[in-house]
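What follows is each chain in one-letter form.
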Amino acid sequence: MIERLGMIIHQAQMVIATSEDRSDDLIETEARQMGIACYRGSMNNLLDRHYQAAKQLNAGVLLKIPSDCPLIDPHMIDQALDFYFANPGDYDYVSNLHPATFPDGNDVEIMTMDCLEKTWREAKRLLELEHTTPYIWENPEKFRIGNVIWDTGLDYSMSHRFTIDYEADYQFIKRVYEELYPKKPGFFCEDILDLLEKKPEIYNINAKYAGVNWYRNHLDELKTISSGQTKLVIGKNYI
């Protein structure tokens, strides 16, 4: 992920925001070996972890990329940043998630430090603390919110899964890297899609989890998310 984030055109200072739990000692060690800043904070309150990391670095604008997106396309990050900087002062928060159109695992969120600090001070619900930004996009009357959609006109957010939660996701991502990385370390989303077109058996590795995301556990709590934006996994099938 560090290598892929280093491919974006916009300049950004990277920091790995991990937890204080001993199980994440290895992440800090790896970060130091790579020369990347590492902040360690709360295990479950990621809002506080992200706020404290940003505060420590005196950040003005935050670019949040979740660590479960090891196939994220640098072009999609730049697309969101281009939109944000092309509209100076117009937005407190810009993402490509509300609504989502890109393949799952290309999550980009941009916010001002003032936006993050307001959220840090006001958010109270557990899901807001765990997932950092729900308080923002659940309260459009309090924040100026922008969204970037896939310029292809396609919507693969529920059909293509490039993120990692399950072992099948790991096997999918491992196979993608084995197929693409040796020949083209800087491969992009279109390269992955071409690969899946040629070898559908790779797509099928984790296809049953396509559309499965954390929303499914909070549909009764989220105002802006509908049941059509998530799926439930039951045994070997999903609904």
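See the structure shown above.
The sections below set out a description of the structure shown in this document.

### Observations concerning the side chain of Glu138
At step 1: Within the secondary structure, Glu138 sits in the loop between helix H7 (134–137) and strand S6 (145–147).
At step 2: Here Glu138 falls in the buried class, since its relative accessible area comes to 1%.
At step 3: Within polar-contact distance, the side chain of Glu138 engages the side chain of Thr224 at 2.5 Å.
At step 4: Contacts of Glu138, omitting those with residues within four sequence positions, involve Arg125, Glu221, Leu222, Lys223, Thr224 and Ile225.

### Topic: the packing of helix H8 (residues 167–180) against helix H9 (residues 189–198)
At step 1: Between H8 and H9, whose axes approach to 11 Å, the crossing angle comes to 100°. The pairing of H8 with H9 is recorded here as roughly perpendicular in orientation. Between H8, through Phe172, Val176, Glu179 and Leu180, and H9, the contact on the second element is made entirely by Asp191, Ile192, Leu195 and Leu196.
At step 2: Class assignment of the residues belonging to the contact of H8 with H9 gives a composition of six nonpolar, no polar and two charged.

### Let's talk about the layout of surface pockets
At step 1: Its boundaries defined by the atoms lining it, the second largest pocket holds a volume of some 150 Å³.
At step 2: Taken together, Leu180, Lys183, Lys184, Phe187, Asp191, Asp194, Leu195, Lys198 and Lys199 make up the full set of residues lining the second largest pocket.
At step 3: For the lining of the second largest pocket, a count of residues per class yields three nonpolar, no polar and six charged.

### Points about unusual backbone geometry
At step 1: The residue after His98, namely Pro99, is reached through a cis peptide bond having omega 5°.
At step 2: Inspection of the secondary structure assignment puts Pro99 in the loop between strand S4 (93–95) and strand S5 (109–112).
At step 3: Its identity is not glycine, yet Asn58 carries a phi of approximately 55°, on the positive side.
At step 4: Tracing the sequence through the fold places Asn58 in the loop between helix H3 (46–56) and strand S3 (61–64).

### Considerations on the pairing of S3
Side-chain direction in a regular strand flips from residue to residue, so the side chains alternate between the two faces of the sheet.
At step 1: Alternating positions in S3 separate cleanly, Leu62 and Lys64 being buried on one face and Val61 and Leu63 remaining unburied on the opposite face.
At step 2: Strand direction decides the pairing type here: S3 and S5, joined by four bridges, are antiparallel. Across the sheet, residue Leu63 finds its bridge partner in S5, namely Ile110.

### Here's the deal with the packing of H3 against helix H5 (residues 113–122)
At step 1: Across the interface, H3 lies against H5 with an axial gap of 10 Å and an inter-helix angle of 140°. One finds that H3 runs oblique with respect to H5. Here H3 and H5 pass one another in a crossing that is left-handed. In this structure, H3 uses Leu47, Asp48, His50, Tyr51, Gln52, Ala54 and Lys55 to contact H5, whose residues at the interface are Met113, Leu116, Glu117, Thr119 and Trp120.
At step 2: For the contact of H3 with H5, a count of residues per class yields six nonpolar, three polar and three charged.

### What to know about the pattern of salt bridges
At step 1: For the coordinates displayed, the defined rule picks out 17 salt bridges.
At step 2: A salt bridge links Arg40 to Glu28; the nearest nitrogen and oxygen atoms lie 2.8 Å apart. Taken together, the residues span a long stretch of sequence, with Arg40 in strand S2 (residues 37–41) and Glu28 in helix H2 (residues 25–34) at a distance of 12 residues. In this structure, Arg40 and Glu28 share a single accessibility class: buried.
At step 3: Residue Lys184 is joined to Asp191 by a salt bridge in which the shortest nitrogen-to-oxygen separation is 3.0 Å.
At step 4: The exposure class assigned to Lys184 is partly exposed, which follows from its relative accessible area of 37%.
At step 5: Residue class for Asp191 comes out buried when judged on its relative accessible area of 16%.
At step 6: Salt bridges sharing partners connect three or more residues here, namely Asp25, Glu28, Arg32 and Arg40.

### What about the nonpolar core?
At step 1: The biggest cluster of nonpolar side chains holds 19 residues, and the ones touching the most others in it are Met111 and Leu116.
At step 2: Residues in contact with Leu116, not counting those within four places in the same chain, are Leu47, His50, Tyr51, Ala54, Leu62, Met111 and Thr132.
At step 3: Counting 16 residues, the second-largest nonpolar core is a separate cluster that includes Phe102, Phe162, Phe187 and Leu195.

What counts and what doesn't
- Residues numbered from 1 in each chain as written.
- Predicted model: local features only at pLDDT ≥ 70, side-chain atom pairs only at ≥ 80, totals over all residues.
- Heavy atoms only, no water.
- Helix = DSSP H or I, 4+ residues; strand = E, 2+ residues; numbered from the N terminus.
- Buried < 20%, exposed > 50% of the residue type's maximum accessible area, 1.4 Å probe, protein only.
- Polar contact = N/O pair within 3.5 Å; in protein donor to acceptor, adjacent residues only side chain to side chain.
- Contact = heavy atoms within 4.5 Å.
- Axes fitted to C-alpha atoms, helices over the stretch in contact; angles between N-to-C directions.
- Parallel < 35°, antiparallel > 145°, perpendicular 65-115°, else oblique.
- Nonpolar A, V, L, I, M, F, W, Y, C, P; charged D, E, K, R; others polar.
- 1 Å grid on protein atoms, 1.4 Å probe; cavity = no way out; pocket = protein on both sides within 12 Å on 5 of 7 lines; lining within 4 Å.
- Points joined across faces, edges and corners; volume = space filled by probe spheres on them.
- Pairing = 2+ DSSP bridges.
- Left-handed = near helix turned anticlockwise from the far one by under 90°.
- Salt bridge = Lys/Arg side-chain N within 4 Å of Asp/Glu carboxyl O.
- Core = buried A, V, L, I, M, F, W, Y, C linked by side-chain atoms within 4.5 Å.

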